[in-house]
Every structure is written in structure tokens, then in C-alpha cells.
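# Coordinate analysis (summary)
As a plain string of letters, each chain reads:
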Amino acid sequence: MPAADRPRTVSRLAAFQGTIFAEMSELARVHDAVNLGQGFPDWDGPARMLEIAREQIAAGNNQYPPGRGFAELRHAVAHDRHSRGAGTFDPDEEVLVTVGATEAIAAGVLGLVEPGSEVILLDPYYDSYAAAVALAGARRVSVPLARDGHRFGVDLDALRRAITPATAMLVVNSPHNPTGTVFTYAELRGIAELAVEHDILVLADEVYEHLTFGPPHIPIGTLPGMRERTVSVSSAAKTFNVTGWKTGWALAPKPLLDAVLTAKQFLTYVGAGPFQPAVAHALRHEQAWVARLRDSLRGKRDRLSAALEAMGLTPAASDGTYFVCADVRGIGADDAVEFCRRLPTERGVAAIPVPVFSDHPQQWRTTVRFAFSKQDAVLDEGVRRLSLR
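Residues numbered from 1 in each chain as written. Predicted model: local features only at pLDDT ≥ 70, side-chain atom pairs only at ≥ 80, totals over all residues. Heavy atoms only, no water.

### Things to note about a nonpolar patch on the surface
Together, L110, L135 and L267 make up an exposed nonpolar region whose accessible area comes to about 230 Å². Within the secondary structure, L135 is located in helix α5 (residues 127-135). (Patch = residues over 30% accessible without salt bridge, like charges linked within 9 Å, V, L, I, M, F, W, Y side chains within 5 Å. Areas by Shrake-Rupley, 256 points an atom, 1.4 Å probe, with all protein chains shown as cover. Salt bridge = Lys/Arg side-chain N within 4 Å of Asp/Glu carboxyl O. Helix = DSSP H or I, 4+ residues; strand = E, 2+ residues; numbered from the N terminus.)

Written as C-alpha cells, this is what we have:
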């Protein structure tokens, strides 16, 4: 092979060159399918929030913001957490604005995990976690969630067995993507006890913290012994329907957050300035809009779950996020990847196979993730197509 044609991606990132989202979205485009695959909303967030972003651009807020983010947003993030009993943080030393939650996660791993250390992921997991671990030169160890009735739960015995002297960090994502599970207090307490016992850091991905439909979200950093070892990550993306703004944050005690900042400042340096005052406004003044969003998503989840059941699939409980998972064995399918590749042609709908999020794909071989974060007309058309006999 000529030198110019040889793959040049470093070996530790070779497995991350393509994404299932691109493949399924392209299939949806080619077959004019309803895209219930990629998890983004197709309607805008609060009107006043959007206006403030435009006003900020017009007023000249177009240069670098402070490295930690504008104080206005950092104070709003800290206020929001405190007002919900989700922890008390010093906005000047314990809150960092990032380019979305994805950067906060990457910077958290890069800044706090030494090469050769182990990072435990609860499987299936959001795909950026594995890439962040690879970038850090660390080793990922995945512990599958276990079926618990109609939901997926944390297998605390398996988690305990996975911990070794090399374990440096555990990534906890609740509400959980891709399954829609909201971890219970007992599950989080069990995780916390293991983290304290073995002196492990926890990176808590809480981007769907405002989008739960029954059981409340419990921040693991509020449990005994956890504040000093937890980096909590969230974002405006899912809460306010602005996935393209890439405005997120990390919260942690100063020694941990300084490590996150050390890595973050050489990734993107700073995030977009005009969006930060707009998000600060939304956190302080648009909680009623978020409540309506939550109610709307609950109804969309119910409609989609009913359609999947009518189709012959078996939907699992979804207590949060944008997603509901279903088992395709009920209609005779035994491979979620092949099922999702056929679905745009056969039903005119796109979805995501859960095995691609797993290091134990056989356990999730027949599980498919559907997104319900779509306008009613779009979702209803998807439901209609899924329901056709």
C-alpha cells in the first residue's frame, strides 16, 4: 500500500473512526425514514434564552470569555444545584464551563487518570467514554447492567469484582444513556460505598438530570463520602434543547476541578461566549419551561412504548432521558445491528442497535434504542410506520 494511502490514525483511536449514528442517519436520509436514532430534539428551547444569545452577539460578546467561563453562568450553575439539593459549590473555584458535557468528560479523564490505570464503565455506555479512556492511555473495564424486571439495574456484585488496585475512576451515568434507567438510591449508595472503600474517583455524567419521568435523579456526589471524590458533569444541551450550543460544565472540589481545568484549557481553551449568559438566564428563569418539556417527553415516551409493544417488541422501562430500549426477539429478530440496518427500508424508521455501546455485545444482541425527543408530528409518523402490519 502506498505510504500516502496507509491509515495514519494512532492505534489507540483506530476503533473510533466511524460512528453508528452517522451510518443510521445516512440510511434514514437515503430511505426518507423517520430518524428515531440520534438523540437530539427537533424543536427550539425557551424563546427568551434564544433572544439573549442573539443580543449578546449584537452587543459584541464575540471574543474569548474567561477560562473558567463567565461568572454569570458559573453562579447560575451553582445556584441551580444548591436549589435542588444537588450539592453546594463555590462558583469561583468549583464550577468550570466546558464545550459541552463531552469535553468535561474527556478533560475529567485526561486530567485525573494516569496512563495504565483502569476506568470502570457501566455497560452499555455512551460512546465518548471509551474514546476518552483511550486518549488518556488508560484501560477500560466494563461492567454490564443487569435486567431487573422491566428495567436495567446496577450489578453491585459484578462491580465489586471488577475493582482492582489499578482502578482509578468509575464513570456513572444516571439518568442512563442508552437504556433510560434512573439508578435508585440503593444502587447509587452501593456504588458510593465501593468508591469510598477503594478510594476511587467518580465521574458522574448527569446531562439528563432534569429529564426524569418518575423516580427522581439523585446526584451521587451528595451521598456520604462522595463530595471529595466526585466530578459532576452536566449541560444545557438536553435541558434546554440546544445540543448545538455545546455549553456544559463540570463541578468538583478545587483539587479535582483544577485537574480537569488543566486538561480542558488545552483542548478548546474556552467555550462560546454569547451562549453563556443565555444559559445562565435559562437556569435561573426557565424551570417552568423545563417542567413542560419533561411532561411532553413523558407523553412521547408512552406513545412510542405503546407502538413498540403493538409491533411485537418488548420495551423496557424508561424513567428518564430521550430513549426507550426494546427487545426485537418478539418479532423473530436475533441481531439488533442487522435489524436496524433493515428497519429504514422495511418500516421507514431509523433506530440504534445497543450492542454498539457495549463491550459485551452478546448480552445486548437483540436490544434496540429508539429516541422519542421529536416533534409530535414526526414521532406520530414514526409510530404509524412502526405500527403497520
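### Here we look at the UniProt feature "domain: Aminotransferase class I/classII large" (unreviewed entry) in the protein
UniProt marks residues 32-386 with the feature "domain: Aminotransferase class I/classII large" (unreviewed entry), using the numbering shown here. Across residues 32-386, the secondary structure splits into 40% helix and 17% strand, with the terminal C-alpha atoms separated by 14 Å. (UniProt positions renumbered as here; feature names shortened; annotations may be inferred.)

### Looking at the packing of aromatic side chains
Applying the stated criterion across every chain yields a total of nine aromatic pairs. Look at Y126 and Y129: their rings are 6.0 Å apart centre to centre, the planes differ by 70 degrees, and that puts the pair in the edge-to-face class. For Y126, a relative accessible area of 27% gives the class partly exposed. The class of Y129 is buried, set by a relative accessible area of 4%. Considering the side-chain rings of Y322 and F323, the 6.1 Å spacing of their centres and the 65 degrees angle between planes classify their relative orientation as edge-to-face. Taking relative accessible area as the criterion, F323 reaches 1% and is therefore assigned buried. (Phe/Tyr/Trp six-rings, centres within 6.5 Å; stacked < 30°, edge-to-face > 60°. Buried < 20%, exposed > 50% of the residue type's maximum accessible area, 1.4 Å probe, protein only.)

### Points about the sheet that holds strand β12 (residues 323-327)
The sheet built from four strands is open, its strands ordered β11-β12-β15-β14 with antiparallel pairing. A single partner strand is all that each edge strand has here, and the edge strands are β11 (314-315) and β14 (352-353). One ladder, built from five bridges, connects β12 with strand β15 (residues 367-371); its direction is antiparallel. Of the residues in β15, the one forming a bridge with F323 is A371. Relative to β15, helix α12 (residues 336-346) is tilted by about 40 degrees, and along the sheet it contacts β14 and β15. (Pairing = 2+ DSSP bridges. Contact = heavy atoms within 4.5 Å. Axes fitted to C-alpha atoms, helices over the stretch in contact; angles between N-to-C directions.)

### As for the environment of H281
Secondary-structure assignment places H281 in helix α10 (residues 275-285). On a C-alpha basis, the gap between H281 and V207 in space is 18 Å, while along the polypeptide they are 74 residues apart. When residues no more than four places from it in sequence are discounted, the contact partners of H281 are R48, M49, I52 and E286. Polar side-chain contacts of H281 include one of 3.0 Å to the side chain of E286. (Polar contact = N/O pair within 3.5 Å; in protein donor to acceptor, adjacent residues only side chain to side chain.)

### A short note on the nonpolar core
Counting 94 residues, the largest nonpolar core has F240, L304 and F370 as its most contacted members. At eight residues, helix α11 (residues 287-311) tops the list of elements feeding residues into this core. With near-sequence residues (within four places) excluded, F240 lies in contact with G45, P46, M49, A282, L283, E286, Q287, W289 and V290. Ranked by size, the runner-up nonpolar core spans 29 residues in total, among them L145, F152, A195 and L223. (Core = buried A, V, L, I, M, F, W, Y, C linked by side-chain atoms within 4.5 Å.)

### Quick look at the domain arrangement of the protein
On domain assignment, one finds that the protein holds domain 1 (11-45 + 286-387) and domain 2 (53-285). Here domain 1 and domain 2 have C-alpha centroids that lie 24 Å from each other. Each side of the interface is counted separately: domain 1 has 37 residues, and domain 2 has 42 residues. Interface area for domain 1 against domain 2, summed over the two sides, is near 3,600 Å², with a carbon-plus-sulfur share of 57%. Linking domain 1 with domain 2 are one salt bridge, by the criterion used here. For the interface between domain 1 and domain 2, the tally reads 22 residue pairs in polar contact (both at pLDDT 80 or more). Within the residue set of the side of domain 1 that touches domain 2, elements represented by two or more residues are α11 and β12. Tallied by class, residues from the side of domain 1 that touches domain 2 come to 19 nonpolar, nine polar and nine charged. (Domains from an automatic or database assignment. Buried area = accessible area lost by both parts, 1.4 Å probe. Nonpolar A, V, L, I, M, F, W, Y, C, P; charged D, E, K, R; others polar.)

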